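Chain residues, written in single-letter form:
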Amino acid sequence: MDLSLTAQRPKLVKFQSLIALVLLCIGISLMSDKFFTVDNAWNVMRQISVNICISAGMTLVVLTAGIDLSVGSVLALCGAVTAGLLKFGVELPASNLYIGFTILGAIMAGLITGSLLGWFNGWAITQFKVPPFVATLAMLTIARGLTMLWTKGFPISALGDHFDYIGTGWFLGIPLPVWISGIVVIIAIIITKKTVLGRYIYAIGGNEQASRLSGININKVKVTVYAIAGLLAAIGGVIVTSRLDSAQPNAGINYELDSIAAVVIGGTSLSGGRGTIMGTVLGAIIIGVLNNGLVLLNVSPFWQQVVKGFVILLAVVIDKANSKKD
Amino acid sequence: MLVAENISKKFAGVIALDNVKLELPAGKVTAIIGENGAGKSTLMKIISGVYPAYEGRIILKGETVQFKNPREAQQAGIAIIHQELNLIPHLSITETLFLGREIRNSWGMLNKKAMRRQAAELLEKLKLQVNPDCLIADLKVGQQQVVEIAKALLYEAEVIIMDEPTSAISESEVEVLFGIIAGLKKEDKAIAYISHKLNELFKIADHYTVLPDGRTIESGEMAGMTHDALIHKMVGREVEIVRNSNTVKEKNSLLKVSGLCLTDEKKPILKDICFELNRGEVLGIFGLMGAGRTELTEALLGTCPGLVTGSIVLDNDEVKFQSAGSAIKAGIALVPEDRKKDGLVLGMDIKANISLSSLPALQHSTGMLNHQSETELAKKYISALKIKTPSENQVVKNLSGGNQQKVVIAKCLATQPKVLMLDEPTRGIDINAKNEIYKLIAELAASGLGIIMVSSELPEILAISDRILVMAEGRITAEFNAANATDDAILKAAIADIN
């Protein structure tokens, strides 16, 4: 009987990216004395917190053998919705009514928007059998267009006194975005490891047909997962908007690519069923450290893109080599 | 033709083959027999170049050969026809046959005419009466297999290995296949024929090679061998013949199906199906390929809710299932025909597969998964069904066919079903595991479950059913009590409507 080490392999992969991260950190520290400082560490963590939020959702989607290309646009729209409601509220000219929004109310509206857009993705994918790539590609355009309509193409800035605290504030010595992404990660880990939903996500990605015949409501699980991805993109949108104290109509462009990169570097299989949230977190940190390190080393931003591309490629090659060992 | 000597192969330190020898003479069919996991497939993969690293040597037509990949083996004249066919559904027959060795004209473009002509000739020779432009997806499994054989002939293969070629085809298609094999023998091809179906081997094979455990190997002439002697060599002990007690049980209706029809795109697939299933009864459903057996099990499981009409009464309640989930909740479970495609999530461990249909019941009140009760559930069924595995955390992909099948059954049993449907429960698994599954079915029936067993193997149907329904072209054409059922009568009913 062939008793290979498949059961342990995911751990091994995680271990590998951890080693890669440590080596990367050591390498950069040797070349720049600004890298290995507490300030810089928080700086990096704060920068990647948005990507971590988005990527946690992306991991769930990819585990079901799907993909969500719309996260960047959803992030922009939700940030804009929050900013717009906060700054202008809603005026209903017909009844001469004005509804103002508190910070919490505006944020809730943004998060609900994100969940609804994600739900719509899942609905299109499950009801009309649109491939996830196509459905979310359509949403990428739709949500960006709605953002332009909502903002009329201009940033919505100066959002009041307290709103920027979310993106720039500290709590117990830790930046608030890091708190938020940390909580998101913990919840995502609980979902994947400890809940029925999590098990269903892995099962559907592993074998959708067998899962259906096992009595799993595939559509419900998928819609839930895309809605979660939309919600997490919206959280990212609130953080970005708050950090800049401004909702940019062009916010979040190409964020889906960084997110997919984090998922892939983290060892999650794009064909579904295999991968972990912690892997994705490591993947996001690797990308963040790489970006930060290259900036500290004064590498041109153009070269940074080249390097990042090769790292993604390398990660997948290593992952392939690992799965071949079975 | 081909001799493999002193072949040894290890996987991750586990010895799969230890110093075995295989001879495949020209113009003969050599039956290769052994339990799943005994190393048959490994040996065939070595010969066909899938595993380039092994000890020992392979001699083809007097020359030692060493293949680096399947392509080299193919070019040397070794073709393997896998149990699960590897054809690309969207290609036509011609495109499939010439894949990777397309004929080009002097412009470097595809010479479609020449390819089509050759393909037509080959199909004619193999008596497959279909247009070479037909898509693979539109062919029946048996026909696809003939295409695989045609491909082997096109490569001018001298050695043809067939791995369980009849596991997915109907009895009439088997006859066609045997005709083709007889033709290949005349052309002096060496044929290795792997099968669990001993009756077939007696019909078709000249030699046998038994591989009981990957270490010893025994070969000889098929003539003079008996069924029992062969089984004895295979398992090293006599196999107890399965139950055939058919004790008369009092009627206690559990499931009543009446007027069940399934219509897909205006094409009737099931027509007016009526039957009753009692508690503690094993109801065998026999039918040839395309008779609608599998569709019946899926209709009962509620996987095609919009297309089904008729009434299903379960335990005195009229039920209408909108999904597999609602059927499972009501107490109907299905062990599907294709365990790898429909039954298991191969990349997950045994525990997660067993619990897959019953997870909602394994939650804490907080909504979190109760890992402890999940493990207990898995352990309970691993020991109850004697699943051979070092632990419940073993990935299902690494289990043998028989053990995988037991995991699927365990998953169904974990839902506490009233009715258990098994679709071809012993397909592609070895005799020992088959017997264990027969025994299990008998035990489950004795415990009060109603069991529906769909099978295309007559001996199996006859041995373990209390009552037998025969299906043909979407209808039930006959019903027998086990006592008065015979091979002939059942087969006759199964082909009654076809002509």
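Data block above holds the structure.
Cut-offs and rules
- Residues numbered from 1 in each chain as written.
- Chains lettered and ligands numbered in written order.
- Predicted model: local features only at pLDDT ≥ 70, side-chain atom pairs only at ≥ 80, totals over all residues.
- Helix = DSSP H or I, 4+ residues; strand = E, 2+ residues; numbered from the N terminus.
- Rg over C-alpha atoms; globule rule 2.2 N^0.38 Å.
- Buried ≥ 20, exposed ≤ 12 C-beta atoms within 10 Å, placed from the backbone.
- Contact = placed C-beta atoms within 7 Å.
- Nonpolar A, V, L, I, M, F, W, Y, C, P; charged D, E, K, R; others polar.
- Pairing = 2+ DSSP bridges.
- Axes fitted to C-alpha atoms, helices over the stretch in contact; angles between N-to-C directions.

## Structural notes on the overall build of chain A
- If you tally the helices and strands in chain A, you get 13 helices and six strands.
- Here the C-alpha atoms of chain A give a radius of gyration of 20 Å, agreeing with the 20 Å that 2.2 N^0.38 yields for 326 residues.
- Its C-alpha atoms give chain A principal-axis dimensions of about 75 × 55 × 35 Å.
- Burial statistics for chain A: of 326 residues in total, 48% are counted as buried.
- Contacts in chain A between residues at least 24 apart in sequence constitute 80% of all its contacts with a sequence separation of at least 6.

## Looking at the overall build of chain B
- The secondary structure content of chain B amounts to 17 helices and 20 strands.
- Relative to its length of 499 residues, chain B is compact, with a C-alpha radius of gyration of 24 Å against a globular reference of 23 Å.
- The dimensions of chain B, computed from C-alpha atoms along their principal axes, are 70 × 50 × 50 Å.
- Burial statistics for chain B: of 499 residues in total, 48% are counted as buried.
- Summarising the internal contacts of chain B: among those between residues at least 6 apart in sequence, 68% fall at separations of at least 24.

## Observations regarding the interface of chain A and chain B
- In this assembly, 25 residues from chain A lie in contact with 37 residues from chain B.
- Within the residue set of the side of chain A that touches chain B, elements represented by two or more residues are helix 8 (196–206) and helix 9 (208–213) of chain A.
- Here the side of chain A that touches chain B is composed, by residue class, of nine nonpolar, eleven polar and five charged.

## A few points about the sheet that holds strand 3 (residues 29–33) of chain B
All names here are of chain B.
- Spatial strand order, 6-7-8-3-9-10: six strands in an open sheet with mixed pairing. At either end of the open sheet lies a strand with only one pairing partner, and these are strand 6 (78–81) and strand 10 (218–221). Strand-to-strand twist across the sheet, computed as the mean angle between neighbouring axes with direction ignored, equals 20°.
- When strand 3 meets strand 9 (residues 207–210), the two strands line up parallel, connected through four bridges. Each residue of the ladder has a partner; that of isoleucine 33, found in strand 9, is valine 210.
- Sheet strands touched by helix 1 (residues 40–47): strand 3, strand 6, strand 7 (159–163) and strand 8 (190–194). Its angle to strand 7, the strand with the most contacts, is close to 150°.

Worth remembering: the numbers are spatial, not functional.
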